[in-house]
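Take a look at the letters that make up each chain.
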Amino acid sequence: MIKIIKSVKEMANFANRIKGRGHTIALVPTMGALHEGHLSLVEAAHNKANIVVVSIYVNPTQFAPNEDFNKYPRTLLKDKTALRHFEHITIFAPSDKELYPDTFDTWVEEGTISKKLCGKFRFGHFKGVTTILSKLFNVVRPDFAFFGEKDYQQQLIVKKLVKDLNYPIDVIICPTIREYDGLAMSSRNKYLSPKERKAAAVLYKTLIRAKKDLEGGETDYRRIIVGLSRLIGFEPLIRIDYITIVNPDTLIEIKEIKKEKVLVALAARVGKTRLIDSMIVQPK
Ligand code: AMP
């Protein structure tokens, strides 16, 4: 039987008891509406620690006022069912009041990487992410924390947060799990109409095309990006926020491709739904 803890105090007491017995805790932070991508993180966490805490919390502070906070899917009981095959799982599903009482006014902000890529389009987003993760880390006190490569920029920022604030946590990154046609699994895919869902497959095709270009020896940034933008441009339901080739550690754009690994990253709106995807490529 999976336990759902809703109070911060109860979660902290539970973590203390577990750690007092010499057991390890792995935290898998999520916003719920669990899919195979989330479950791959839980599986990896399960293989690493004695107890896995899956936090399920749609964090209001990482949504800008014009974003989808209110319509974000909240499916706690379904999520509990999705986790039923795992042992030693606890769900932490606090309320907004528990995490952000009226007096709340202290923030954690990363200063450099969070200004790039999605940071230019989602104002305040990463400040919300680093703040809620700091709170979760303090309450759950995990030995390990699991994140998806799917949110590439986020995982870079999380690693920075853990290093800069000296959290004694081993951050582990898991590969992106994809649908049959390559579309990266995301809770937001639920918003897509059948036509939009079909069109969204072009995002992964675009990354594959970039990989082919780079592995084929193309070194001209502009030529590659123009080709990729054209490919997405054939889908009238899709608008690009950004598509770029960057250094995988700094997220600084690479205008002249050399032999070092690069990250091809994109964000696009499919109808009203904003999706992101990325791929590490080794140019030849
Ligand atoms: P979210 O609920 O969207 O905030 O995601 C929670 C965690 O699951 C984050 O670390 C994500 O990077 C990870 N995640 C989301 N989608 C996928 C996916 N398709 N494959 C692997 N990990 C994912």
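Residues numbered from 1 in each chain as written. Predicted model: local features only at pLDDT ≥ 70, side-chain atom pairs only at ≥ 80, totals over all residues. Heavy atoms only, no water.

A. Spatial organisation of the pattern of salt bridges. In total, this model carries 14 salt bridges according to the counting rule given. For E67, the salt bridge identified is with R122, shortest N-O distance 2.8 Å. Placement of the pair is E67 in the loop between β3 (51-56) and α3 (76-82) and R122 in the loop between α4 (96-99) and α5 (125-140), with a sequence separation of 55 residues. Exposure remark for E67: the relative accessible area of 22% places this residue in the partly exposed category. The exposure class assigned to R122 is buried, which follows from its relative accessible area of 10%. Across the pair R188 and D68 runs a salt bridge, and its minimum N-O distance is 2.8 Å. (Salt bridge = Lys/Arg side-chain N within 4 Å of Asp/Glu carboxyl O. Helix = DSSP H or I, 4+ residues; strand = E, 2+ residues; numbered from the N terminus. Buried < 20%, exposed > 50% of the residue type's maximum accessible area, 1.4 Å probe, protein only.)

B. Quick look at empty space enclosed by the protein. Applying the stated rule across the entire model yields 1 cavity of 30 Å³ or more. In this structure, the largest cavity encloses a volume near 40 Å³. Lining the largest cavity are K150, L183, A184, S186, N189, L203, L275, I276 and D277. The residue makeup of the lining of the largest cavity, split by class, is 5 nonpolar, 2 polar and 2 charged. (1 Å grid on protein atoms, 1.4 Å probe; cavity = no way out; pocket = protein on both sides within 12 Å on 5 of 7 lines; lining within 4 Å. Points joined across faces, edges and corners; volume = space filled by probe spheres on them. Nonpolar A, V, L, I, M, F, W, Y, C, P; charged D, E, K, R; others polar.)

C. Region of interest: the sheet that holds strand β5 (residues 144-148). Reading across from one edge, β1-β4-β3-β2-β5-β6 is the order of the 6 strands in this open sheet, with parallel pairing throughout. For this open sheet the edge positions go to β1 (3-5) and β6 (170-174), each flanked by a neighbour on one side alone. For this sheet, the mean inter-axis angle between neighbouring strands, taken without regard to orientation, is 25°. Packing against the sheet, α5 makes contact with β2 (25-30), β3, β4 (89-92) and β5, and its axis sits at approximately 150° to β2. (Pairing = 2+ DSSP bridges. Axes fitted to C-alpha atoms, helices over the stretch in contact; angles between N-to-C directions. Contact = heavy atoms within 4.5 Å.)

D. Region of interest: the packing of helix α7 (residues 194-215) against helix α8 (residues 221-233). The N-to-C vectors of α7 and α8 enclose an angle of 155°; their axes lie 10 Å apart at closest approach. What the angle tells us is that α7 and α8 run roughly antiparallel. The hand of the α7/α8 crossing is right-handed. Contacts between α7 and α8 involve V202, L203, K205, T206, R209, A210, D213 and L214 from the former and I224, G227, L228, L231 and I232 from the latter. Its residues placed into classes, the contact of α7 with α8 shows 8 nonpolar, 2 polar and 3 charged. (Parallel < 35°, antiparallel > 145°, perpendicular 65-115°, else oblique. Left-handed = near helix turned anticlockwise from the far one by under 90°.)

E. Inspection of helix α6 (residues 152-164) at higher detail. Here α6 spans 19 Å end to end across 13 residues, near enough to the 18 Å set by a 1.5 Å rise per residue. Within α6, the full set of buried residues consists of Y152, Q153, Q155, L156, I157, V158, L161 and V162. In the core, the buried residues of α6 are packed alongside α5, β5, β6, β8 (262-270) and β9 (273-281). After α6 finishes, the residue N166 shows a positive phi value of roughly 55°. (Expected span 1.5 Å × (residues − 1).)

F. Up close: the nonpolar core. Formed by 42 residues in total, the largest nonpolar core has its most connected members in M11, V53, F92, L133, F137 and L251. Listing elements by their share of this core, those giving two or more residues are α1 (8-20), β2, β3, α5, β5, α6, β7 (238-246) and β8. In terms of residue count, α5 provides more of this core than any other element does, 8 residues in total. Taken domain by domain, the makeup of this core includes at least three residues from each of domain 1 (3-174) and domain 2 (187-281). Beyond its immediate stretch of four places on either side in the chain, V53 contacts M11, I25, A26, L27, V28, T90, F92 and V140. Counting residues in hydrophobic clusters, the runner-up holds 27 residues, among them L192, A200, I225 and A268. (Core = buried A, V, L, I, M, F, W, Y, C linked by side-chain atoms within 4.5 Å. Domains from an automatic or database assignment.)

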